[in-house]
Each structure stands twice: as structure tokens, then as C-alpha cells.
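Take a look at the letters that make up each chain.
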Amino acid sequence: MQKKGKFDYILLETTGLADPGAVASMFWVDAELGSDIYLDGIVSVVDAKYGLQHLTEEKSDGLINEATRQVALADLIIINKTDLISQEELNKIRTAVRSINGLVKILETQRSRVDLCEVLDLHAFDSLSGISLQKKLQHAQTTHPHLDKSIVTVTFEILGNTTEENLNEFIQNLLWERSVKDKADHPMEVIRLKGLVSIKDKSHQVIVQGVHELYDLEETMVRWKEDDERTNRLVLIGRNLDKDILKQVFIATMTEKQETS
């Protein structure tokens, strides 16, 4: 970053076994880095022929395998080498990817040939994504386990306003304290968090972004209309997630604070 002049774009290619969450977190932890450049999005490439094999790999330590983690964190997934498999096999890998990450955009390619406009300027982590994210969240649905029985996408919405204090408490209990548990008393593990929320006394929608234990809140350019029904929409991708419990905890956090204020 000491080089004079401006970069148009920086593309970081990690190894096949890397966790992209570690790279993404640098932009929130390193204030100097975050002031010069911004994180545009996470792109993962899935091998059409061997993708299912990697996604179903079980780790002896009980951790989430690297391929599943990369799919869960991605904003864009490129399923490559589609010419090497049948339509039935392609449908299986597409379904597997969607069952893990219900919000991700999927491109299907041969020899990794893709239009750069589909890959660059995703704006997946900044306030410019407010309008497009709003449309995505409205169509996002909770997924059902397909491969790893515990990795799913959960989406829910709660009407009304929240406060920044309420929201921080909910997210920190979920990401930091790991105190939110499923019906089997397993801690919910969030890999990726996205959402648009309505903060009391703020005229614009606020975008929520989280990767592992790190998260950020940023006011978007999308203003709430006077006749809008203010809604908090959240999408979480991870393990042991229970939609009903998450909604209950979110509502309880808001109610508790309002009653004590």
C-alpha cells in the first residue's frame, strides 16, 4: 500500500484450503487498511466434478470442513467445469451449494470463463449494497440441511424499530459469548451474518455484516419512507441454527431493554 498512485482493484487469491473469513476480518480490524480500500466481496470457485466430494468430507475433530466454510462465506460462487458432468450431477451440486448458502449468487462456467462485470464491484460489504441487499433479503428463505446436517441458512424478520444497544447485545451474545443455543443445547455457530435493520431515531436503513466473531454496522443511503412498515431482516449462515429460537432471542432482547428503559 506504500506504492504511489491508485489501484483500480485488488484481487486476493487464497489457497484452496484457506478460510476467507480471516482475510475479510482484516478490513475491520486494521483501521489504516480499511481507510484506504474496502472489501468488495468474497468469491469461491466450486469444482463441478469433485465439489460434492469436498463438501461431504468429514473432519475427525468435528469442525466444519474448508470447502463448506468457503461456500458459506461466499457472496458469489462460480461452479466451474460444468462441461465435465451431467445435468443431473449439476443439479445436485447446485442444490448442495444453495442448501448451505441461501443468499449467494451462483454462476456456472467452463474453463473459468466469466465476464468480469459479474465478479467485480459486488459491493457486498458496504452501504452501496443496501438496495440490492434489500431485494435479496426479501426473497431469501431458510434452507434445509442437504449435506452437512448442521450447516444451513436461516432468515427471519421482525417488525418495528430496535436500538443500536439492543442490536449489539443480540449479535455479541450470538457471535462472542456463544450463549444462544439450539434445542439440543448446542451453541449456535455463525459463519456469516447479513441484514438490514431499522434503528430507532435513524432515518436510513442500517446494514449489518458479520464474519465469524467480527461484525460491523453501517448506515446505508436507503431512506425509510414515511409509509414504510419498518422491518428488521436478518440472514445467518452457520451450524446448529434454529430460526424460532433466534427470533425469540431477538424479540426478548428488544423487549427487555424497552421495559428497563
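Everything numeric here is computed off the predicted structure, so don't read it as measured data.

What counts, and where the lines are drawn
Residues numbered from 1 in each chain as written. Predicted model: local features only at pLDDT ≥ 70, side-chain atom pairs only at ≥ 80, totals over all residues. Heavy atoms only, no water. Salt bridge = Lys/Arg side-chain N within 4 Å of Asp/Glu carboxyl O. Helix = DSSP H or I, 4+ residues; strand = E, 2+ residues; numbered from the N terminus. Buried < 20%, exposed > 50% of the residue type's maximum accessible area, 1.4 Å probe, protein only. Pairing = 2+ DSSP bridges. Axes fitted to C-alpha atoms, helices over the stretch in contact; angles between N-to-C directions. Contact = heavy atoms within 4.5 Å. Patch = residues over 30% accessible without salt bridge, like charges linked within 9 Å, V, L, I, M, F, W, Y side chains within 5 Å. Areas by Shrake-Rupley, 256 points an atom, 1.4 Å probe, with all protein chains shown as cover.

Let's shift gears to the pattern of salt bridges. Applying the stated criterion across every chain, the model contains 11 salt bridges. Between glutamate 108 and arginine 94 there is a salt bridge; the shortest N-O distance is 2.7 Å. On the criterion of sequence distance, the pair formed by glutamate 108 in strand S3 (residues 105-108) and arginine 94 in helix H5 (residues 87-100) is long-range, its members being 14 residues apart. You can call arginine 94 partly exposed: its relative accessible area is 26%. Through salt bridges with shared partners, one network takes in Asp75, Arg192 and Lys194.

On to the sheet that holds strand S2 (residues 76-80). A sheet is described by the order of its strands in space; here three strands give the open sequence S1-S2-S3, paired in parallel fashion. This sheet does not close on itself; its edge strands, each paired only once, are strand S1 (43-47) and S3. Strand after strand, the sheet turns through a mean of 25 degrees between neighbouring axes, direction not considered. As paired strands, S2 and S3 are joined by four bridges and run parallel to one another. Looking at S3, one finds that isoleucine 79 is bridged to glutamate 108. Strands in contact with H5 are S1, S2 and S3; relative to S3, the strand with the most contacts, it is inclined by about 160 degrees.

Right, let's talk about the sheet that holds strand S4 (residues 151-159) for a bit. With respect to topology, five strands assemble into an open sheet ordered S4-S8-S5-S6-S7, the strand pairing being antiparallel. The open sheet terminates on both sides in strands that have one partner only, identified here as S4 and strand S7 (214-223). Mean inter-strand twist for the sheet, computed between neighbouring axes without regard to direction, equals 15 degrees. With six bridges joining them, strand S5 (residues 189-197) and strand S6 (residues 204-211) adopt antiparallel strand pairing. Residue pairing across strands places leucine 193 opposite glycine 210, the latter belonging to S6.

Right, let's talk about a nonpolar patch on the surface for a bit. Among the surface-exposed residues, Phe7, Ile10, Leu12 and Met26 lie close enough to one another that they form a single nonpolar patch of about 350 Å² accessible area. Take leucine 12: it is sitting in the segment before helix H1 (20-29).

Next up on the list: unusual backbone geometry. Negative phi is the rule for most residues except glycine; trans is the rule for most peptide bonds. For histidine 123, which is not glycine, the phi torsion reads 50 degrees and is therefore positive. Considering the arrangement of structural elements, one finds histidine 123 in the loop between S3 and helix H6 (130-139). Of note in this structure, histidine 212 is not a glycine but carries a positive phi near 55 degrees. Here histidine 212 is to be found in the loop between S6 and S7.

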